There are 2 protein chains.
Amino acid sequence: MEKETESVPVDRFVEGRKTSATDLVVREVPLTIVLNSQELVTLLCSPAGLDYLAVGFLVSEGLLKTREDLRGVTVDDRAGVARVETATDAGLPRDALFKRVITSGCGRGASLYSAADVGTLEKVESRTLVSSAEILALMHQFQQRSEVYRATGGVHSAALCDTKTTLVFAEDIGRHNAIDKVFGRCLLDDVATEGRIVTTSGRVSSEMLFKVARRGVPLVVSKSAPTNLGIRLAGELGITLVGFVRGKRMTVYSNSWRIASDQG
Amino acid sequence: MEKETESVPVDRFVEGRKTSATDLVVREVPLTIVLNSQELVTLLCSPAGLDYLAVGFLVSEGLLKTREDLRGVTVDDRAGVARVETATDAGLPRDALFKRVITSGCGRGASLYSAADVGTLEKVESRTLVSSAEILALMHQFQQRSEVYRATGGVHSAALCDTKTTLVFAEDIGRHNAIDKVFGRCLLDDVATEGRIVTTSGRVSSEMLFKVARRGVPLVVSKSAPTNLGIRLAGELGITLVGFVRGKRMTVYSNSWRIASDQG
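Residues numbered from 1 in each chain as written. Chains lettered and ligands numbered in written order. Predicted model: local features only at pLDDT ≥ 70, side-chain atom pairs only at ≥ 80, totals over all residues. Heavy atoms only, no water.

Caption draft 1: Just the overall build of chain A, in detail. When you go through chain A residue by residue, the secondary structure sums to 8 helices and 15 strands. For chain A, the proportion of its 264 residues judged to be buried stands at 62%. Excluding contacts between residues fewer than 6 apart, the proportion of contacts in chain A whose partners are at least 24 apart in sequence is 52%. (Helix = DSSP H or I, 4+ residues; strand = E, 2+ residues; numbered from the N terminus. Buried < 20%, exposed > 50% of the residue type's maximum accessible area, 1.4 Å probe, protein only. Contact = heavy atoms within 4.5 Å.)

Below you can see the structure in the form of structure tokens.
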């Protein structure tokens, strides 16, 4: 595995005084995903967990659905290439994939943007309930885990949790890459996503909701803000969207029935 | 112009106690860019300055270079479509554009990613010099301007400045959209970009450097972190990259000769 950070020489100015120093910065690498010998896309990402990222990207794009469909994934770190073989090569929906929808946060070709597309996703019916105290505890764990962020200030984090613990955690310079790494790892390691909770450091816009809906995740919890479209989709897809989890506070934007008050 | 924010009903939990409230959230809309009758791309973005965004996107993609090339731009807010007509329709470099490079931060098809592509961009030769005190003052102005952010916590900002003042300012849910809106407005309003300074609220990864290099901008100033690839490109392209501008401090990652100490 390649290192996620790199030391660089810098000049630091403090109150107008210049000094030489060394700074730790996050690394950014290109990863080209090749699906069944066809070059699909090049992502710019953090260098860890590239197999998870390749698989998770395909999952999010709807090109890979189950562990059984996956024949294999090999990553060549040096060349920056991930080759994924799947059992059912239905032929790429080229038009769908290359109808570029450029998202606000991380640029994923959300080929399923329109209202009609929402109709193709099933509403998340999970009866998972969680208390607000459990959400605060999960976010506290989550913030503790963000190691690269603390060192460099340069990455986003995402995780899959049950109501008590963090099950899978990932960091990446792109907030959508971080989510894809989580879902890719879940598929590779047979971690069920249905009925569970996704936590994210990033803002929640529409494409995040499509990603979690595909994996049957009923709760998205962020320390940041959502967009109006993210909120509307969460409402329609049956997903509980929680934002601004900070200190002892949080704001619930949709389907708040899944969150119990701790008092009264 | 459409409103950039929307009020939504929320449930707020404070120390486990639930109350109903109203929250202001940032709006997210799709914008499809049609260039000379050909549908190019759909961006997810904030609803203000869609003409600037359409023009700036084409500028960043290398599909539009000068004011003279631009015949017209019309935006249909309701349909979410921007139609741009250019004088020289060289035919789209379809392969280049649709060779999807998905960037970490905002998903722009940086068709010019590879080392070879760096070679096609000219090094920024500007002799612009600035003092560290001027940079701190510019960032202070910049933070004061970020109105939607203060209201919603949901957007990025970018601006073009000279060494004393902010000339063009834009906000968007996507950090690259914000930069594109700035450059689009510069082209439409005949504001020169060469030798000037770009400020951004967001992290600085590789594609940001390609964008500013195309416009001859010698200084990029961010309150956040850069990536190693961003730093390397800044070095090669002759651009001064300043990060973590906070309080009285800043870190200079490349070409620090453009920044004068205030003392000694």
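Caption draft 2: Here's a closer look at the confidence of the model for chain A. Residue and element names in this part refer to chain A. With 87% of its residues at a pLDDT of at least 70, chain A reaches an overall mean of 87. Summarising per-element confidence for chain A, the mean pLDDT is lowest in helix H2 (residues 94–98) (47) and highest in strand S12 (residues 219–222) (98). Ignoring residues within four places in sequence, the model shows residues 95–99, a span with pLDDT below 50, making 9 contacts including any to other chains. In the model, residues 104–116 has pLDDT below 50 throughout and makes 59 contacts with residues more than four positions away in sequence or in other chains. The ipTM, which scores confidence in the relative placement of chains, is 0.85 for this predicted complex, and the corresponding pTM is 0.88. (pLDDT = per-residue confidence, 0-100.)

Caption draft 3: Summary view of the pattern of salt bridges. One pass over the structure, following the stated rule, counts 14 salt bridges over all chains. The salt bridge partner of Lys-211 of chain A is Asp-180 of chain A, with a shortest N-O separation of 3.1 Å. Linking Lys-211 of chain A in helix H7 (residues 206–214) with Asp-180 of chain A in helix H6 (residues 175–188), this pair joins segments that are 31 residues apart in sequence. As far as burial versus exposure is concerned, Lys-211 of chain A and Asp-180 of chain A are alike and both buried. The partner of Glu-134 of chain B in a salt bridge is Lys-164 of chain B, with the nearest N and O atoms 2.4 Å apart. With Glu-134 of chain B in helix H4 (residues 132–145) and Lys-164 of chain B in the loop between strand S9 (156–161) and strand S10 (166–172), the pair connects residues that are 30 residues apart, well separated along the chain. Residue classification places Lys-164 of chain B among the exposed residues on the basis of a relative accessible area of 54%. (Salt bridge = Lys/Arg side-chain N within 4 Å of Asp/Glu carboxyl O.)

Caption draft 4: Expanded view of the environment of Ser-60 of chain A. Along the chain, Ser-60 of chain A falls in helix H1 (residues 50–60). Once the C-alpha coordinates of Ser-60 of chain A and Ser-157 of chain A are considered, the two residues, 97 residues apart in sequence, prove to be 17 Å apart.

Caption draft 5: Focus on H1 of chain A. The element H1 of chain A is largely enclosed, with a buried count of 9 among its 11 residues. After H1 of chain A finishes, the residue Gly-62 of chain A shows a positive phi value of roughly 80°.

Caption draft 6: Region of interest: the side chain of Glu-134 of chain A. Glu-134 of chain A sits in the buried class, given a relative accessible area of 18%. When neighbours within four sequence positions are excluded, Glu-134 of chain A is seen to be in contact with Thr-163 and Lys-164 of chain A.

Caption draft 7: Here's a closer look at the environment of Arg-71 of chain A. All names here are of chain A. Tracing the sequence through the fold places Arg-71 in strand S5 (residues 70–76). Of the residues examined, Arg-71 reaches a relative accessible area of 64% and is grouped as exposed. Considered as a pair, Arg-71 and Val-220 are 149 residues apart in the sequence and their alpha carbons are 30 Å apart. The contact partners of Arg-71, leaving out residues within four places of it in the chain, are Glu-85, Thr-86 and Ala-87.

Caption draft 8: Broad picture of the side chain of Arg-27 of chain B. Residue and element names in this part refer to chain B. Assignment of secondary structure puts Arg-27 in the loop between strand S2 (17–26) and strand S3 (29–35). Taking the relative accessible area as the measure of exposure, Arg-27 reaches 15% and is therefore buried. Within polar-contact distance, the side chain of Arg-27 engages the backbone oxygen of Lys-3 at 2.8 Å. (Polar contact = N/O pair within 3.5 Å; in protein donor to acceptor, adjacent residues only side chain to side chain.)

Caption draft 9: Geometry of unusual backbone geometry. Residues and elements named next belong to chain A. In this structure, Glu-15 takes a positive phi of about 50° despite not being glycine. Looking at the element boundaries, Glu-15 is found in the loop between strand S1 (5–14) and strand S2 (17–26). The exposure class of Glu-15 is exposed, given its relative accessible area of 53%. Of note in the backbone geometry, Phe-244 takes a positive phi value of approximately 50° without being a glycine. Within the secondary structure layout, Phe-244 lies in strand S13 (residues 240–246). Here Phe-244 falls in the partly exposed class, since its relative accessible area comes to 21%.

Caption draft 10: Seen up close, the packing of H1 of chain A against H6 of chain A. Residues and elements named next belong to chain A. Interhelical geometry of H1 versus H6 gives an angle of 95° and a closest axis separation of 6 Å. One finds that H1 runs roughly perpendicular with respect to H6. Together, Asp-51, Tyr-52, Leu-53, Val-55, Gly-56, Phe-57, Val-59 and Ser-60 of H1 and Asn-177, Asp-180, Lys-181, Phe-183, Gly-184, Arg-185, Leu-187 and Leu-188 of H6 make up the contact between the two elements. Classifying every residue of the contact of H1 with H6 by side-chain character gives 8 nonpolar, 4 polar and 4 charged. (Axes fitted to C-alpha atoms, helices over the stretch in contact; angles between N-to-C directions. Parallel < 35°, antiparallel > 145°, perpendicular 65-115°, else oblique. Nonpolar A, V, L, I, M, F, W, Y, C, P; charged D, E, K, R; others polar.)

Caption draft 11: Main features of the pairing of strand S11 (residues 197–200) of chain B. Residue and element names in this part refer to chain B. Residues Ile-197 and Thr-199 point to one face of S11 and Val-198 and Thr-200 to the other, with burial holding for every one of them. Two elements, S9 and S11, share 4 bridges in a ladder whose sense is antiparallel. Each bridged residue has a counterpart across the sheet, and for Cys-161 the counterpart in S11 is Ile-197. Traced from S11 through helix H7 (residues 206–214) to strand S12 (residues 219–222), the parallel crossover comes out right-handed. (Pairing = 2+ DSSP bridges. Right-handed = clockwise from strand over helix to strand, strands pointing away.)

Caption draft 12: Layout of H4 of chain B. When the terminal C-alpha atoms of H4 of chain B are compared, their 20 Å separation across 14 residues agrees well with the 20 Å that a helix rising 1.5 Å per residue should span. Within H4 of chain B, the full set of buried residues consists of Ser-132, Glu-134, Ile-135, Leu-136, Leu-138, Met-139 and Phe-142 of chain B. (Expected span 1.5 Å × (residues − 1).)

Caption draft 13: Representation of the sheet that holds strand S14 (residues 249–254) of chain B in the model. The 8 strands are arranged S2(A)-S1(A)-S14(B)-S13(B)-S12(B)-S11(B)-S9(B)-S10(B) in an open sheet whose pairing can be described as mixed. Each end of this open sheet is capped by a strand with a single partner; those strands are S2 of chain A together with S10 of chain B. Across this sheet, the average inter-strand angle for adjacent strands is 25°, counted without regard to direction. Direction of pairing for S1 of chain A relative to S14 of chain B: antiparallel, over a ladder of 4 bridges. Residue pairing across strands places Asp-11 of chain A opposite Val-252 of chain B, the latter belonging to S14 of chain B. Where helix H8 (residues 228–236) of chain B meets the sheet, it contacts S1 and S2 of chain A together with strand S13 (240–246) and S14 of chain B, and its direction lies at approximately 65° from that of S14 of chain B.

Caption draft 14: Representation of the packing of aromatic side chains in the model. All names here are of chain B. As enumerated under the stated definition, the model contains 2 aromatic pairs over all chains in all. Aromatic pair Phe-142 and Phe-169: ring centres 5.8 Å apart, planes at 65°, arrangement edge-to-face. With Phe-142 in helix H4 and Phe-169 in strand S10, the pair connects residues that are 27 residues apart, well separated along the chain. For Phe-142, a relative accessible area of 2% puts it in the buried group. (Phe/Tyr/Trp six-rings, centres within 6.5 Å; stacked < 30°, edge-to-face > 60°.)

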